[in-house]
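Summary of the model geometry
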Amino acid sequence: MSNTWDVIVIGGGHAGCEAAAASARAGARTLLLTHKLETIGEMSCNPAIGGLGKGHLVREIDALDGVMGRMADKAGIQFRMLNRSKGPAVRGPRAQIDRKLYREAMQAELAATENLDIIAAAAEDLIVEDGKVAGAIDGEGRSYRASRVILTTGTFLKGLIHLGETRTPAGRVGDQPSIGLSDRLYGLDFQMGRLKTGTPARLDGATIAWDRLEMQPGDDEPVPFSFLTDRIETPQIACGITFTTAETHQIIADRLGESAVYGGRATGIGPRYCPSIEDKVVRFADKTSHQVFLEPEGLDDTTVYPNGISTSVSEETQLLFLRTIPGLEAVEVKRYGYAIEYDYVDPRELYATLETKRLPGLYLAGQINGTTGYEEAGAQGLVAGLNAALAAQGREPAVFARDEAYIGVMIDDLVTRGVTEPYRMFTSRAEFRLTLRADNADQRLTDRGIGLGVVGEIRAKAWTEKKARLEAARAFARSVSLTPNEAVKVGFKVNGDGVRRDLFAMLAYPDVSLDDLGRVWPEVFTWNTDVREQIEIEAAYAGYLDRQRADAESLRKDEDLRLPADLDYAGVGSLSNEVREKLARVRPLTLGQAARIEGVTPGALTALLAHVRRSRAA
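Residues numbered from 1 in each chain as written. Predicted model: local features only at pLDDT ≥ 70, side-chain atom pairs only at ≥ 80, totals over all residues. Heavy atoms only, no water.

1. Overview of the sheet that holds strand β21 (residues 362–364)
The sheet built from five strands is open, its strands ordered β6-β2-β1-β10-β21 with parallel pairing. Of all strands in the sheet, those bounded by a partner on one side alone are β6 (116–120) and β21. Looking at each pair of strands side by side, their axes are set apart by 20° on average, direction ignored. In this sheet, β21 lies alongside strand β10 (residues 148–151) in parallel orientation, the contact comprising three bridges. Looking at the pairing, Leu-151 lines up with Leu-364 of β21. (Pairing = 2+ DSSP bridges. Helix = DSSP H or I, 4+ residues; strand = E, 2+ residues; numbered from the N terminus. Axes fitted to C-alpha atoms, helices over the stretch in contact; angles between N-to-C directions.)

Here it is as structure tokens:
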């Protein structure tokens, strides 16, 4: 095996797996360098993928032929469509995952990927030559050379585990942290900080009184993540639901000093939307209970993940408070919970391609950029892997816009605004939620992926066939119509205004279904489920979708106003020093991006636009 590649990916977590697969799919000779082959695709925290906002990201990864969605479909043991009763824009696919099945599926997928080599070694330094990255060096001093390197180090950069009074340097339990890479990044003057996350104890399911708990089954008809998956074959399970008690909270409150944060031992900032049980006891002191989901980690594994009670108090205290929870009175612990803090790089150090501004050829993806979650990491990994491969081939980069994908929303948020806490995707972060739905991710992105060369033949063929079915159905729906009199004759109540209404207009009536219209136009019954769903959504939201497209066009106009990469903000008149500093820090590439920087006022944008126009006219 040669020691030279086009792209090197460091780290085999969710960002690393997607980065390596995307780079290889795009035609770059790729190396995945990871400390242990057996932990590739490991789910270090909760055994679940998807959810609100997060499920959208998984569908987008899948639409670009990424691997997470297909692996989740193979390993999913409980599928639920969240917000099913609400509008399609905010529905989120989610699944409990069998950890072992997922890990094995991911490892098999990467092993079978063309253009991809995998080596077990712990990267400890970067090779930098002539101001550019040129490869990596492992802990044994071996060199691996490439003009593009992607760091997907997760929580490993100077990772430090907190469990009661004990502090242990580690990337996760049982794995050494990465010290050298962190020192190298500090040495290159990257703006960096510390973040924190946590995990609960792992319980022995054989010691849980399941018969005393409320059980939550999955959907009767599981909805897969991947557009390529026809049906879910894996056996499905139910999860348990229980609650903390006043006694639970009292034990934690009495021993709060054992907590990494409240004991003053951790400096990293934790995720606001996924608080530890200690945070819940302090921040919501008036509540006497908090919900806990008991999530089995596998079909042949008795380990249970108690979602909702991550903690860093001592082992003794964890066992004490766990046994005050209904159903857990006799529970045994397989592994105690802990908090982990780690270094991250301010994502404003990155371009929207996820290449760093300070060191050409170096890309960052995942928790190193201040995000939290498998899905956020995987999406960044795909973008970094794709762009590294494109750059290695001398091709134009791929940037996803805010009106194009949740991936674009997330990356723009990161590189424009930075983070003050671990970033998590929510549907509320997107301005164009009606068009950025989980159900239409392939319609938005697969053709783009084909053009970029990151979509394989199997998906391209499946999408081409689906697109033809959709276009035929839409054409039919526009070609048929009823007058008000004709509509009334077949049982539909419409205004007698003389206006012909096509199938879309008829379907927009709340009391008219596709099956009803099928009595008039039997061709409707030949459409398959995915086509029917899209026609129904497009009919229901036609006016709103048109309005959102107009808003997106307005955004595009601002995005088309490019700002020079070397713009001297000190020379722009009528800007405050604060605004100058923020613009110089982010160095926005468009007027639209500049507008999204906190504190940049409309007046500042006007001054900036006038300056650029004068410079171009000179």
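2. Some remarks on the sheet that holds strand β4 (residues 76–82)
The antiparallel open sheet is built from three strands, whose spatial order is β3-β5-β4. At either end of the open sheet lies a strand with only one pairing partner, and these are β3 (48–50) and β4. Within this sheet the neighbouring strands show an average axis-to-axis angle of 20°, counted without direction. As judged from the six bridges shared by β4 and strand β5 (residues 92–97), these two strands associate in the antiparallel manner. In the sheet register, Met-81 faces β5, and the bridge partner there is Pro-93. Its contacts with the sheet put helix α3 (residues 68–75) on β3, β4 and β5, and the angle it makes with β4 is roughly 115°. (Contact = heavy atoms within 4.5 Å.)

3. Describing the packing of α3 against helix α4 (residues 99–111)
At a minimum axis separation of 8 Å, α3 and α4 run at an interaxial angle of 135°. As far as their axial angle goes, α4 and α3 are oblique. Crossing of α3 against α4: the hand is right-handed. Between α3, through Met-68, Arg-70, Met-71, Ala-72, Lys-74 and Ala-75, and α4, the contact on the second element is made entirely by Leu-101, Tyr-102, Ala-105, Met-106 and Glu-109. Grouping the amino acids of the contact of α3 with α4 by side-chain chemistry returns eight nonpolar, no polar and three charged. (Parallel < 35°, antiparallel > 145°, perpendicular 65-115°, else oblique. Left-handed = near helix turned anticlockwise from the far one by under 90°. Nonpolar A, V, L, I, M, F, W, Y, C, P; charged D, E, K, R; others polar.)

4. Observations concerning the pattern of salt bridges
Applying the stated criterion to the full structure yields 48 salt bridges. Among the salt bridges present, the one from Lys-582 reaches Glu-578, with a minimum N-O distance of 3.2 Å. Placement of the pair is Lys-582 and Glu-578 together in helix α18 (residues 577–586), with a separation of four residues, close to one helical turn. According to the relative accessible area criterion, Glu-578 is partly exposed, its value standing at 48%. (Salt bridge = Lys/Arg side-chain N within 4 Å of Asp/Glu carboxyl O. Buried < 20%, exposed > 50% of the residue type's maximum accessible area, 1.4 Å probe, protein only.)

5. Some thoughts on helix α6 (residues 246–254)
By the burial criterion, the buried members of α6 are Thr-248, His-249, Ile-251 and Ile-252. Along the axis of α6, the buried residues cluster in a sector spanning 160°; they form a single face. In α6, the exposed residues that point more than 90 degrees away from the buried face are Glu-247 and Asp-254. Structurally, α6 contributes buried residues whose contacts are with α7 (277–283) and α8 (315–322). (Arc of directions from axis to C-beta.)

6. Here we look at the layout of surface pockets
Looking at the second largest pocket, its volume works out to about 1,300 Å³. In this structure, the second largest pocket is lined by 42 residues; those nearest its centre are Val-223, Pro-224, Thr-529, Asp-530 and Glu-533. At the level of elements, α11 (441–452), α12 (457–479) and α16 (529–540) are the ones that each hand at least two residues to the lining of the second largest pocket. A class-by-class count of the residues in the lining of the second largest pocket yields 21 nonpolar, six polar and 15 charged. (1 Å grid on protein atoms, 1.4 Å probe; cavity = no way out; pocket = protein on both sides within 12 Å on 5 of 7 lines; lining within 4 Å. Points joined across faces, edges and corners; volume = space filled by probe spheres on them.)

7. Quick look at the packing of aromatic side chains
Summed over the entire model, instances satisfying the criterion amount to five aromatic pairs. Where Trp-5 meets Tyr-144, the ring centres are 6.4 Å apart and the plane angle is 35°; that geometry is what we call tilted. One end of the pair, Trp-5, is in the segment before β1 (7–10); the other, Tyr-144, is in strand β9 (residues 143–145), and 139 residues separate them in sequence. Sitting above the plane of the Phe-227 ring, Arg-59 keeps its charged end 5.6 Å from the centroid. (Phe/Tyr/Trp six-rings, centres within 6.5 Å; stacked < 30°, edge-to-face > 60°. Lys NZ or Arg CZ within 6 Å of the ring centre and 35° of its normal.)

8. A closer look at the state of the cysteines
Scanning the model with the defined rule gives zero disulfides in all. Just so you know, Cys-274 is unpaired, no disulfide at all, and the nearest cysteine sulfur is the one on Cys-45, 6.6 Å from it. Relative accessible area serves as the criterion here: at 46%, Cys-274 is assigned to the partly exposed category. (Disulfide = S-S within 2.5 Å.)

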